[in-house]
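Chain by chain, the residues:
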Amino acid sequence: MLFLRKAIPVLGVLGRSHQHLRVLRSAVAMIARDYSSDPPIDYANFPGAKAPFVSKLKLNLPEDFAPIPIYRVMDQDGCIADATQDPKLGREVVEKMFRDMLLLNTMDKILYESQRQGRISFYMTNFGEEASHIGSAAALEMADLIYGQYREAGVLVWRGFRIDQFIDQCFGNVDDLGRGKQMPVHYGSRELNFVTISSPLSTQMPQAVGAAYAMKMRPDNDACVVCYFGEGAASEGDAHAAFNFAATLGCPVILFCRNNGFAISTPSHEQYKGDGIAGRGPMGYGIATIRVDGTDVFAVYNAMKLAKEYVLKENKPVVFEALAYRVGHHSTSDDSTAYRSVDEIEVWNSVEHPISKLKRYMVHKGWFDEAAESEFIKDVRKKVLKQITVSEKKLKPNWSEMFEGVYAEMPDHLLEQQKELQAHIEAHKESYLLNSFKQ
C-alpha cells in the first residue's frame, strides 16, 4: 500500500501563471514511499483519522520518510540552475534588492558598533539573512500585514522605512514611532502595515493567525498575513497554537520560519530532532509547506509568490521554511564564538552569503558596477552616522506617556500610578535628568 503521504502535494492546486511556479510545485512535492505492494482492502473512517488498514504491524520510523527538499534558483556562483525558475525580474528591481541588502548590512555594522560605544542599549544584526527579508518582501503587496519577530528589518527597508526611523527607534527618542516604549530593534509602522515587534518569543504567531482569520471574513479579501519567526520560537507553545488554529480554521497566513541554525546559543540539532520546521507542516498539522534556500533571494521571491497565491485562493495557511545561517551574534548580549568556530562563520560570510550570490548574478548579467556599489555604501554610512548624532541629541518622550496608548480611556489604577510617579518626581527632581525629557 501507498502511505497516505503520497497523496499530499506540498502546495497543491495553483495551476495558473508562470512555468517556473509549475516546476517549483513539482520540485517541492513530497517523496512517496511504498509500504506494501498489496492493493488497499479497507479504509478506516475513524473521527480522529482517515487512513488505510494494514495487516502487517510496522513501526513508522523518522528515517522512513525522505526530508522535504530545499528549493533554490541560484547556485553559489550566482548562476541560475534551471532557466525555467528564473523570475526574470527587471534590472531596476534586482538593483533595488541589492541596494536594500547593502543598506541593511551597512546600517547593521554601524549600529552594532554604536551599542559597543554605549550610545544605544541593545542591538541585533541581520547578517546572513538579508535575502529572506528582501526576497519575501518583494513578493508581497503593501496591503499584506506583517508580524515580525525581531530579525526582519529588511522587510521594513523594502517597504520604505527610513534610516532616521530606524535610528530614532533604537534611541527611543521623541520621534520614535513607539514613543520609547520598546527595546531597540523592536520596530513597528502602521503606515507600512508592520505590527510592532514584541520581545517574548512566539507571541506574534497566534496573533497573526487571528488577524488572518479576520481577513478571511472580509468580502473579496485580497490580502494575507505573513508571520516571521525563528526555529527556536517554534519550540514555544504559542507556535503549536498558531499552527493548529491556522490549519483548523483555514486562515490565509504564511508562517515564515527563518531557520538560521541557532536559537541564541542552542544549535538546531539540539532544538529539534525532526525534519526542521517544514517537516511539521504536512503530516503534523495538515498544512501546505515549502522549504527554500534562504540565502537565495530569487528562491525566496518565487516561493513567496506561490505561497501567497495559494493562501488567497484556498483560504488555507502555508508553512514556509527559509534555511540560512546567522552570521552575526544573536545580539549584542551574545558572543557566538563561544559555541561555534570562526572558520565556520567565515564560510557563510563569504561563499554562501546572500549579498555575494546576488552580486555574482548581477556580474553575469552585466548589471554590476563596483564603483557605484562603493559610492552607495559610502553614502549610506554617511547618512547613518549623521543620523546617529542627530537622534541621540533628541529629547526622550515625556515620562507620563508610559501610561498611555493601551486603553482608549486610562483606567483608574493607571491614573493612580501616574499621579504617584508625578508626586515622586516632584519630590526628587534633583535625582532625575528631567531636561532630557520632553516637558
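Relevant structure appears above.
Conventions and cut-offs
Residues numbered from 1 in each chain as written. Predicted model: local features only at pLDDT ≥ 70, side-chain atom pairs only at ≥ 80, totals over all residues. Heavy atoms only, no water. Axes fitted to C-alpha atoms, helices over the stretch in contact; angles between N-to-C directions. Helix = DSSP H or I, 4+ residues; strand = E, 2+ residues; numbered from the N terminus. Left-handed = near helix turned anticlockwise from the far one by under 90°. Contact = heavy atoms within 4.5 Å. Nonpolar A, V, L, I, M, F, W, Y, C, P; charged D, E, K, R; others polar. Buried < 20%, exposed > 50% of the residue type's maximum accessible area, 1.4 Å probe, protein only. Pairing = 2+ DSSP bridges. Right-handed = clockwise from strand over helix to strand, strands pointing away.

When you look at the packing of helix H3 (residues 130–138) against helix H10 (residues 297–314) in this model, what are you seeing that I'm missing?
Helix-helix packing is characterised by the crossing angle of the two axes and by the distance between the axes. Between H3 and H10, whose axes approach to 7 Å, the crossing angle comes to 35°. Where H3 crosses over H10, the handedness of that crossing is right-handed. Where H3 approaches H10, its residues Ala131, Ser132, Ile134, Gly135, Ser136 and Ala138 are matched on the opposing element by Val297, Val300, Tyr301 and Met304. Taken together, the residues of the contact of H3 with H10 sort by class into 7 nonpolar, 3 polar and no charged.

What am I meant to see in the environment of Val54 here?
Looking at the secondary structure, you find Val54 in the loop between helix H1 (19–27) and helix H2 (91–116). In this structure Val54 comes out as exposed when scored by relative accessible area, which is 58%. When the C-alpha positions of Val54 and Lys181 are compared, they lie 59 Å apart, and in sequence the two are 127 residues distant.

What exactly am I supposed to notice about the pairing of strand S4 (residues 253–259) here?
Most of S4 is tucked away: 7 of the 7 residues are buried. Alternating positions in S4 separate into two faces, Val253, Leu255, Cys257 and Asn259 on one and Ile254, Phe256 and Arg258 on the other, with burial throughout. Two elements, strand S3 (residues 225–230) and S4, share 6 bridges in a ladder whose sense is parallel. Paired with Val225 across the bridge in S4 is Val253. Viewed along the sheet, the connection from S3 through helix H7 (residues 237–249) into S4 turns out right-handed. Where S4 meets strand S8 (residues 318–323), 6 bridges bridge the pair, whose relative direction is parallel. Its bridge partner lying in S8, Phe256 is registered against Phe320.

Read these as layout, nothing more, since geometry by itself doesn't imply function.
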